[in-house]
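Working through the structure, step by step
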Amino acid sequence: MHISRKPGEQTEVDWAGDSPAIIDPDTGEITPAFTFFGVLRYSQYPYVEAFLDEKQGSWITAHIHMYDYFGGVTRILVPDNCKTAVIHNKKWNDQRINAVYQEMAEHYNTVIIPARVHSPKDKPNAEGTVGNISTWITAALRNEQFLPELNVAIKRKLEEFSHKPFQKKEGSRYEIFRDEELPLLAKLPDAPYELAE
């Protein structure tokens, strides 16, 4: 059954399970990199960035960079139930969002509606995009030496992925994003959110 989606309505975000690694050229030590995924629900236009951890600073920074990359903000943000996003989510009517994450959402004038616990169907595009991009990007970028190099390579692969034509319909993710979704995104605030401690 076809599910009707509205352009500019939702962004789904998550950390990837299978991530690339960074190799220290001096010591040969392998450090895991954690990959953030954001995807616009209507166009399936994705954003991907690697970080050295999954802590609050990386989570917020990823969102700031994602909104800048999209050039706008959707009305709703659908995260997974990681502690950097949600403190408590046992019942739909008793959800508690992380305070810093809530501040960031208010700055961008968006609403956080977390996915239900153990309910990947609440964010199917993020789950599907993680699977697609993991094979398209992550496998091709294994064992980069530095995080900045890894993110440059990710961005290059991300552009290829987004411009690749769909198999069963006309156009690409980028074309649908550019023509149908970008004009309906809310404007970015004058200044990006700043994380303070």
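Residues numbered from 1 in each chain as written. Predicted model: local features only at pLDDT ≥ 70, side-chain atom pairs only at ≥ 80, totals over all residues. Heavy atoms only, no water.

**Regarding the sheet that holds strand 9 (residues 111–112)**
Selection rule: Here, any two strands with at least 2 DSSP bridges between them count as paired. Helix and strand assignments follow DSSP, with helices taken as H or I runs no shorter than four residues and strands as E runs no shorter than two, numbered in order from the N terminus. We call two residues contacting when some pair of their heavy atoms lies within 4.5 Å. Here an axis means a line fitted to C-alpha atoms, over the contact stretch when the element is a helix, while the angle between two N-to-C directions is reported on a 0 to 180 degree scale.
With respect to topology, 5 strands assemble into an open sheet ordered 5-4-1-6-9, the strand pairing being mixed. If you trace the sheet from one side to the other, it starts and ends with strand 5 (46–51) and strand 9, each paired once. Pairing of strand 1 (residues 10–15) with strand 6 (residues 76–78) involves 3 bridges; the strand directions are parallel. Within strand 6, the residue paired with glutamine 10 across the bridge is isoleucine 76. Packing of helix 1 (residues 56–70) onto the sheet brings it into contact with strand 1, strand 4 (34–40), strand 5 and strand 6, and relative to strand 5 it is tilted by some 145 degrees.

**A look at the packing of aromatic side chains**
Note on aromatic pairs: each is described by the distance of the centres and the angle between the planes. Where we set the bar: Pairing of aromatic side chains requires ring centres within 6.5 Å, counting the rings of Phe and Tyr and the six-membered ring of Trp. Pairs whose planes differ by under 30 degrees are stacked, by over 60 edge-to-face, and all others tilted. Buried means the residue's accessible area, taken with a 1.4 Å probe over protein chains only, is under 20% of the maximum for its type, while exposed means over 50%, and partly exposed covers the values in between. We call a charge positioned over a ring when the NZ of a Lys or the CZ of an Arg lies within 6 Å of the ring centre and within 35 degrees of the ring normal.
One pass over the full model with this rule turns up 15 aromatic pairs. Considering the side-chain rings of tyrosine 67 and tyrosine 108, the 4.8 Å spacing of their centres and the 40 degrees angle between planes classify their relative orientation as tilted. Note that tyrosine 67 is positioned in helix 1 and tyrosine 108 in the loop between helix 2 (99–107) and strand 9, a separation of 41 residues in sequence. Residue classification places tyrosine 67 among the buried residues on the basis of a relative accessible area of 0%. One aromatic cluster is present, formed by Trp15, Phe36, Tyr45, Tyr47, Phe51, Trp59, Tyr69, Phe70, Tyr101, Tyr174 and Phe177 through successive ring pairs. Cation over ring: lysine 169 sits above phenylalanine 166, and NZ or CZ is 4.6 Å from the ring centre.

**With respect to the pairing of strand 4**
Consecutive side chains along a regular strand alternate between the two faces of the sheet. Extensive coverage of strand 4 is indicated by the burial of 6 of its 7 residues. Bridge count for strand 1 against strand 4 is 5 bridges, and the pairing is antiparallel. Its bridge partner being in strand 4, tryptophan 15 is matched across the sheet by phenylalanine 36. In this sheet, strand 5 lies alongside strand 4 in antiparallel orientation, the contact comprising 6 bridges. Its bridge partner lying in strand 5, phenylalanine 34 is registered against phenylalanine 51. Between the end of strand 4 and the start of strand 5, which pair antiparallel, lie 5 residues, with glutamine 44 showing a positive phi angle near 60 degrees.

**Here we look at the confidence of the model for the protein chain**
As a general rule, the predicted coordinates of low-pLDDT regions are not to be interpreted in detail. Definition in use: Every residue carries a pLDDT, the predictor's confidence in it, which falls somewhere between 0 and 100.
Averaged over all residues, the pLDDT of the protein chain is 81; the fraction at 70 or higher stands at 76%. At the low end of the mean pLDDT range in the protein chain sits helix 3 (residues 124–138), at 60; at the high end sits helix 1, at 95.

**So, the side chain of threonine 110**
Note that threonine 110 resides in the loop between helix 2 and strand 9. With relative accessibility at 6%, the residue threonine 110 sits in the buried group. Dropping the residues within four chain positions of it, threonine 110 is found in contact with Tyr67, Val73, Thr74, Arg75, Ile76, Leu77 and Ala105.

**Section: helix 1**
What sets the pattern is the α-helix's 3.6 residues per turn: residues three or four places apart point alike. For the record, the criterion: Every helix has an expected span of 1.5 Å times one less than the residues it contains.
Compared with an ideal rise of 1.5 Å per residue, which puts 15 residues at 21 Å, helix 1 spans 21 Å between its outermost C-alpha atoms and is within 8% of the ideal. Where burial is concerned, most of helix 1 is hidden: 11 out of the 15 residues are buried. Count one or two residues on from helix 1 and you reach glycine 71, which has phi positive near 80 degrees.

**Observations regarding helix 2**
Where we set the bar: Think of the arc as the fan of directions from the helix axis to the C-beta atoms. Polar contact criterion, stated in full: a pair of N or O atoms within 3.5 Å, where within protein one must be able to donate a hydrogen and the other to accept it, and residues adjacent in sequence count only if both atoms are side-chain atoms.
Considered for burial, the residues of helix 2 that qualify are Tyr101, Met104 and Ala105. All buried residues of helix 2 lie within an arc of 100 degrees about the axis, which places them on one face of the element. Set apart from the buried face of helix 2 by more than 90 degrees, the exposed residues are Ala99 and Glu106. Buried-residue contacts for helix 2 involve strand 1, helix 1, strand 6, strand 8 (96–97) and strand 9. Its side-chain oxygen at 3.0 Å from the backbone nitrogen of valine 100, asparagine 98 defines the N-terminal cap of helix 2. The first or second residue beyond helix 2 is asparagine 109, which carries a positive phi of 55 degrees.

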